[in-house]
Amino acid sequence: MVNVPMKSTAPLTSQSILSINQIKVQGAKSSQDIASINGNALQDPTATTPHDNNSFSAQASKPIPQLIHTVQKGQKVPLEVSGKLSMLKACLGWNTTNPNCDVDVSAFLLNSTGKVIGDTWFVFYGQTQSPDSSTVFRVDTGADREIISVDFTKINPAVAKIVFVLTINEALEKKLNFSMLKDAYIRIIDVPTNNELVSFKMDEYYSNVTSMMIGEIYIHNGAWKFNAIGNGVARDLAGLCELYGVQVI
């Protein structure tokens, strides 16, 4: 039996994950919150996320920030050439050619076998922090759209990889896909210096894809590296949970 992410007592279901599309981000939600959230206002009526009623205007066209150390799809590069990392930010952005495309970022914290180290170890708009507090989701109002920050001083030693995924909300229901996106990128920023370590801009957008693994950071021989993936699957967020070992019933 799997608990709903972060302090819940009910099983995690695909419907409970998808229903979070309407929430306003206020941290992790309990099973009671998730069950009652749709159609109800939360305590802070001024809070905004990509999933309130103004989501489409929030994702209006946005210029791409300058990408400095760009790599190609499939390229793997070291991140710790100047010493050990203490904290980084994965900054992601995109534009859409279809206004119905409401896109978001998720991050899955995986072990050496490629599965989550526990059923609460993924971060997204409905669960904004990992159990060890190392990995945090936030919406960005600056150059990027959404940011996942990673604090290596807090990260669970069982985490060997963090995969960053773009998903289109309700893509399967609304017949949306990644051919309706453009300008998707990820850039990895060293937090103490605010320097870009690496960036990757996608140039392939597939009509049979609804979730895109855009990139990942992973440990190799004791040091963190970045892999520009740029491959996707025809799954929603609940399907991704199953793919990475989260038991969804």
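Residues numbered from 1 in each chain as written. Predicted model: local features only at pLDDT ≥ 70, side-chain atom pairs only at ≥ 80, totals over all residues. Heavy atoms only, no water.

Participant: Any chance you could break down the overall build of the protein chain for me, citing the residues and the numbers?
Facilitator: Scanning the protein chain from N- to C-terminus turns up five helices and 11 strands. The buried share of the protein chain, taken over its 249 residues, is 52%. For the protein chain, the share of sequence-separated contacts (at least 6 apart) that also reach a separation of at least 24 residues comes to 68%. Split by element, the accessible area of the protein chain, about 11000 Å² in all, is 49% carbon and sulfur. (Helix = DSSP H or I, 4+ residues; strand = E, 2+ residues; numbered from the N terminus. Buried < 20%, exposed > 50% of the residue type's maximum accessible area, 1.4 Å probe, protein only. Contact = heavy atoms within 4.5 Å. Areas by Shrake-Rupley, 256 points an atom, 1.4 Å probe, with all protein chains shown as cover.)

Participant: Got a sec to walk through the sheet that holds strand β11 (residues 223-233)? Specific residues and values, please.
Facilitator: Spatially, six strands are ordered β1-β11-β10-β7-β3-β4 in an open sheet, and the strand pairing comes out antiparallel. Two strands close off the open sheet at either side, each with one partner strand: β1 (76-78) and β4 (122-123). Pairing between β1 and β11: three bridges, direction antiparallel. What sits directly across from K76, in β11, is N227. (Pairing = 2+ DSSP bridges.)

Participant: Any chance you could break down unusual backbone geometry for me, citing the residues and the numbers?
Facilitator: A negative phi angle is the norm for most residues apart from glycine, just as the trans form is the norm for most peptide bonds. One non-glycine residue with positive phi stands out, namely E170, at about 55 degrees. Of note, E170 is situated in the loop between β7 (161-168) and α4 (171-174). Classification of E170 by relative accessible area gives partly exposed; the value is 30%. At D183, a position not held by glycine, the phi torsion is positive, near 60 degrees. Considering the arrangement of structural elements, one finds D183 in strand β8 (residues 181-190).

Participant: Can you lay out the sheet that holds β8 for me, pointing to particular residues and giving the numbers?
Facilitator: Each strand in a sheet pairs with another by means of backbone hydrogen bonds, the pair being arranged parallel or else antiparallel. What the five strands build is an open sheet, ordered β5-β6-β2-β8-β9; its pairing is antiparallel. Each edge of the open sheet is held by one strand with a lone partner, namely β5 (135-139) and β9 (195-201). On average, each strand axis in the sheet is tilted by 20 degrees relative to the strand beside it, whichever way the strands run. Both β5 and strand β6 (residues 146-151) contribute to a ladder of five bridges, which runs antiparallel. In the strand pairing of β6, R138 is matched with I147. (Axes fitted to C-alpha atoms, helices over the stretch in contact; angles between N-to-C directions.)

Participant: So what's going on with the pattern of salt bridges? Which residues, and what values?
Facilitator: Scanning the entire structure with this criterion turns up six salt bridges. Close ionic contact of D140 with R138 constitutes a salt bridge, the shortest N to O distance being 3.4 Å. The exposure class of D140 is buried, given its relative accessible area of 14%. The partner of R187 in a salt bridge is D144, and the shortest N-O contact between them spans 2.8 Å. Of this pair, R187 sits in strand β8 while D144 sits in the loop between β5 and β6, placing them 43 residues apart in sequence. (Salt bridge = Lys/Arg side-chain N within 4 Å of Asp/Glu carboxyl O.)

Participant: Explain the environment of A171 to me, and be specific about the residues and the numbers.
Facilitator: In this fold, A171 is placed in helix α4. Residue A171 is classed as buried on the basis of its relative accessible area of 4%. Beyond its immediate stretch of four places on either side in the chain, A171 contacts L176 and T210.

Participant: For the nonpolar core, give the residues involved together with the corresponding values.
Facilitator: The tendency in soluble globular proteins is for nonpolar side chains to be buried side by side. Core analysis: the biggest nonpolar cluster contains 59 residues, and F108, L166 and F226 have the highest contact counts within it. Beyond its immediate chain neighbours, meaning those up to four positions away, L166 contacts L92, W94, V103, D104, V105, F178, A184, T210, S211, M212 and I214. (Core = buried A, V, L, I, M, F, W, Y, C linked by side-chain atoms within 4.5 Å.)

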